[in-house]
Amino acid sequence: MTVGFVTFENAEQLKTAQEELKGKSIGNKILKVADVIPRSFDKKIRSTVALPLNRQQTGEPSLDGENAGVSISSNGVEDGDTNDDEKHGSTVDGSVARARSVRDVVTPLAHMPYGDQLEHKKTSLMQNLKKLTRNARKACPHGVSLPEWILKSREIGGLSCELQGILESPLINGYRNKCEFSVGYSLQGKATVGFMLGNFREGVTAVEEPVDCPNVSRIACKYASIFQEFLQQSELPIWNRFKNIGFWRQLTVREGRTPGKVVDVENSDASISEVMLIVQVCSVGLDDAVVIGEFERLAQAFAAGAIANSPSLPLTALVVQDHQGISNAAPADAPLRQLPIPRAASPKLETNDVAEARIRDCISNLQFYISPTAFFQVNTLAAEKLYSLAGDWAGLGPDTLLFDVCCGTGTIGLTLAHRVGMVIGIEMNASAVSDAYRNAEINGIKNCKFVCAKAEDVMGSLLKEYLNVPQKPDEISNTSENSDKENATAGEKDTSIDAVLDLEESSSHDLINNKSASGCLENEEQEAGSQLQKNCTSESENTSVQQFKNVVAIVDPPRVGLHPIVIKALRTHPRLRRLVYISCNPESLVANAIELCTPSPESIEKGNKNNRGWRNMSSTGLARHRAKSMPPSEPFQPVKAMAVDLFPHTVHCELVMLLERPMYFNAVVGIRPWALILDLVGCHISLTCLNNFTHFWIYCKVSTVELAL
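If you check an unreviewed UniProt entry, the protein appears there as Methyltransferase domain-containing protein from Quercus rubra.

As structure tokens, then:
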């Protein structure tokens, strides 16, 4: 940002800071200190605002900058909030030419027929595929021939690969199974539960009700209304984003369907059987007795509101998340407290076991337990299409080892487990890993293992563990020593941007030999998690990794994309020949694909740690820079892409891309113990001894290989 805002506790601190900062030089620029100029429509807004009840009680002024100006962005959520797919929408001019409804902000394509929406998204995705081609061409090292896929891109209009179309969402309206509603004040000063009219970084905190947002379900809207009515009577204040004080912050509604129940497109709410409510608060400085009393009244309000609705609303779990940060985007380890739901006449409202704050949903006839903070696709029916497509493109079979990177609750790996020999899932959210093991158990799936860690910390060591590539004789004696060095330096790994730019010097990852996911779980879940892991891996612990002839990775990263260290591990491991990339952010996919698909330089260019030019680089510019330091390795090539519309009425869409390297052939021959390495033109052959048998690998740049032994 070229402009920053600082708030001080008193005028004396402000005066001192002005004297110290004014005229300071930062790089080649001079720092200028200026007063904030109120926006022209401040007074108009303030004049229409009535003093809210809880502000009168606390003696706070009506707005305090909360609604000091409304500039519109297309995402409808606060900067930093995790509204999954809608959190990174484009921003329009900061000035407000006309008032826009929350429908315009949250669902900017809702005014278009659905067919036109799909064409709009398809056109946008084609531009991203062209962008990949252009940037990969720029990233190709000097003296290295352009890869074939770039040369052939001219035949398909500059696309990096063919875009085979876009799959429609089975459900167009009310499809979201998770909605995060901000708590704040409307432009009229009314306590409101809904969506923000812009980004907080633009000074926008006004919240409007989601009554006309077609992507939100009727059940979610109803619970937002119940909570809004409760807040208007609450004695505790609503969160003030400018002062970073207050209590009530956010409401999240998560919905689950009954397995095997057909969804009626016209009445999709009828298939919702379970609902979890997560209320985010900040309890700093408040008396525990007051807070507990307010929580009891909140539970009563939700239970009564659910029963009063016709038909009654399902209510399975009520959870409170305590978060002190500035943004509503709470870390995964933020404290959670489950509130008992008052018993009522309806069987759907019963007091739950506090240790079971989960709901169930289903994908492809499998049940999935979902904990409060675990990731689960927000459009369940479209997710079935997405995972089926990824499995079809991955070329799965009984001899396949599947890596599910950023696996969440294990949805991708578990839905495809019956088509592969073994699944290794990687996920950093401990409760999600616990859910993944539970999901494997309740569905009777035993060929899955899940690792609780950051993918960048363990991807390299997992590839080494499960895909043990034969080593040259002079390398075998150094294996143990190198592993010890990796373990010793992993804790000291520098994760700064400078270290990322100089990947070849950084410690790649921790070694986690058969690391139990329960080691990352909460204490009360350790025993259960260990037992689940034992059940899920009992049949695969003694399996020889050499039986997996086909090795595939499916990655479904968050919007920021894959970590550079994960990209390096995927790119440099020779036995990984096929990669299916599922992207909710095409910009991140383009950046990651540049590093995965650009030929290696003849000599590695080490990053200049004194060069801070990366600060002004785009994501693609950074990717081109990192590609220069990629160790010598065979690049992937984009083969084909297809979109799946998980987010109707918004500009967002999932994009699936298949990346491949020439196929890898594997055979075992019974010849005398010996080791031989031959380098031939266009191919590489490796023979190594293993228990009086010799494992034979060959990978070539031709589709058919004839061997005579």
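Additional details are given in the paragraphs that follow.
Novice: Can you lay out the pattern of salt bridges for me, pointing to particular residues and giving the numbers?
Specialist: Proximity of charged atoms lets side chains of opposite charge pair with each other. Counted under the stated rule, the structure contains 16 salt bridges. We note a salt bridge from Lys152 to Glu148, for which the minimum N-O separation is 3.0 Å. Three or more residues are tied together by salt bridges with common partners; here these are Arg257, Asp361 and Glu384.

Novice: Mind laying out the confidence of the model for the protein, listing which residues take part and the relevant values?
Specialist: Caution applies to low-pLDDT regions: their predicted coordinates should not be interpreted in detail. Per-residue pLDDT for the protein averages 75, and the proportion of residues at 70 or more is 69%. Residue range residues 40–98 is modelled with pLDDT below 50. Its contacts to residues more than four positions away, or to other chains, number 167 contacts. pLDDT under 50 marks residues 350–355. Its contacts with residues more than four places away, or in other chains, come to 12 contacts.

Novice: Got a sec to walk through empty space enclosed by the protein? Specific residues and values, please.
Specialist: Under the counting rule described, the total for this entry stands at five cavities of 30 Å³ or more. Approximately 140 Å³ is the volume attributed to the largest cavity. The wall of the largest cavity is formed by 16 residues, among which Leu171, Gly174, Tyr175, Arg257 and Ile272 lie closest to the centre.

Novice: Please provide a residue-by-residue account of the UniProt feature "active site" (unreviewed entry) in the protein, values included.
Specialist: Look at the UniProt record and you will see "active site" (unreviewed entry) annotated at Cys584. Along the polypeptide, Cys584 turns up in the loop between strand 17 (578–583) and helix 18 (586–597). Judged by its relative accessible area of 16%, Cys584 falls in the buried class. Setting aside chain neighbours within four positions, we find Cys584 in contact with Pro557, Pro558, Arg559, Cys653 and Glu654.

Novice: Give a description of unusual backbone geometry that names residues and reports values.
Specialist: Between Ser310 and Pro311 the backbone carries a cis peptide bond, its omega angle lying at -5°. Tracing the sequence through the fold places Pro311 in the loop between helix 8 (288–308) and strand 9 (317–322). Notably, Asn244 is not glycine yet its phi reads approximately 55°, a positive angle. Considering the arrangement of structural elements, one finds Asn244 in the loop between helix 7 (218–231) and strand 7 (248–257). The phi dihedral of Asn365 falls on the positive side, at around 65°, and the residue is not glycine. Structurally, the position occupied by Asn365 is in the loop between strand 11 (359–363) and strand 12 (366–370).

Novice: So what's going on with the side chain of Asn177? Residues and values would help.
Specialist: Tracing the sequence through the fold places Asn177 in the loop between strand 3 (162–167) and strand 4 (178–185). Overall, the relative accessible area of 7% leaves Asn177 in the buried class. Dropping the residues within four chain positions of it, Asn177 is found in contact with Val253, Arg254, Glu255, Asp361, Phe376, Gln377, Val378, Asn379 and Thr380.

Novice: Give a description of the packing of helix 12 (residues 455–466) against helix 17 (residues 564–572) that names residues and reports values.
Specialist: For the pair helix 12 and helix 17, the least separation of the axes is 8 Å and the interaxial angle reads 15°. Between helix 12 and helix 17, the interaxial angle falls into the category roughly parallel. Relative to helix 17, the crossing made by helix 12 is left-handed. Along its contact with helix 12, which presents Ala455, Glu456, Met459, Gly460 and Leu463, the element helix 17 presents Ile565, Val566, Ala569 and Leu570.

Novice: I'd like to hear about the environment of Ile245, residue by residue, with values.
Specialist: Here Ile245 lies in the loop between helix 7 and strand 7. The partly exposed category is assigned to Ile245, whose relative accessible area is 37%. Put simply, Ile245 and Ile326 are 81 residues apart on the chain and 9.1 Å apart in space, counted from C-alpha to C-alpha.

Novice: Can you tell me about the nonpolar core, naming the residues and giving the values?
Specialist: Grouped together as the largest cluster of nonpolar side chains are 57 residues, with contacts concentrated most on Phe403, Met459 and Leu570. Filtering out sequence-adjacent residues up to four positions away, Leu570 remains in contact with Met459, Leu463, Ala553, Val555, Leu562, Leu576, Leu579, Leu596, Phe636 and Arg661. If you look at the next biggest cluster of nonpolar residues, it comprises 54 residues, including Ala357, Phe376, Ala383 and Cys448.

Novice: I'd like a rundown of the sheet that holds strand 8 (residues 272–281), residues and numbers included.
Specialist: Across the sheet, seven strands lie side by side as 6-5-4-7-8-9-10; this open sheet has mixed pairing. Since the sheet does not close on itself, it has two edges, and those belong to strand 6 (207–208) and strand 10 (336–339), each with one partner. Relative to strand 6, strand 5 (residues 191–196) runs antiparallel, the two sharing two bridges. Looking at strand 6, one finds that Phe195 is bridged to Glu208. Contacts from helix 7 reach strand 4, strand 5, strand 7 and strand 8 within the one sheet, and its direction differs from that of strand 7 by about 150°.

Novice: Could you give an account of the packing of aromatic side chains, with specific residues and numbers?
Specialist: Per the stated rule, a full pass over the model turns up nine aromatic pairs. Summarising the aromatic geometry, the rings of Tyr223 and Phe302 are spaced 6.0 Å apart at their centres and angled 65° between planes, so their arrangement reads as edge-to-face. With a gap of 79 residues between them, Tyr223 in helix 7 and Phe302 in helix 8 connect regions that are remote in the sequence. Judged by its relative accessible area of 0%, Tyr223 is buried.

Parameters at a glance
- Residues numbered from 1 in each chain as written.
- Predicted model: local features only at pLDDT ≥ 70, side-chain atom pairs only at ≥ 80, totals over all residues.
- Heavy atoms only, no water.
- Salt bridge = Lys/Arg side-chain N within 4 Å of Asp/Glu carboxyl O.
- pLDDT = per-residue confidence, 0-100.
- Contact = heavy atoms within 4.5 Å.
- 1 Å grid on protein atoms, 1.4 Å probe; cavity = no way out; pocket = protein on both sides within 12 Å on 5 of 7 lines; lining within 4 Å.
- Points joined across faces, edges and corners; volume = space filled by probe spheres on them.
- UniProt positions renumbered as here; feature names shortened; annotations may be inferred.
- Helix = DSSP H or I, 4+ residues; strand = E, 2+ residues; numbered from the N terminus.
- Buried < 20%, exposed > 50% of the residue type's maximum accessible area, 1.4 Å probe, protein only.
- Axes fitted to C-alpha atoms, helices over the stretch in contact; angles between N-to-C directions.
- Parallel < 35°, antiparallel > 145°, perpendicular 65-115°, else oblique.
- Left-handed = near helix turned anticlockwise from the far one by under 90°.
- Core = buried A, V, L, I, M, F, W, Y, C linked by side-chain atoms within 4.5 Å.
- Pairing = 2+ DSSP bridges.
- Phe/Tyr/Trp six-rings, centres within 6.5 Å; stacked < 30°, edge-to-face > 60°.

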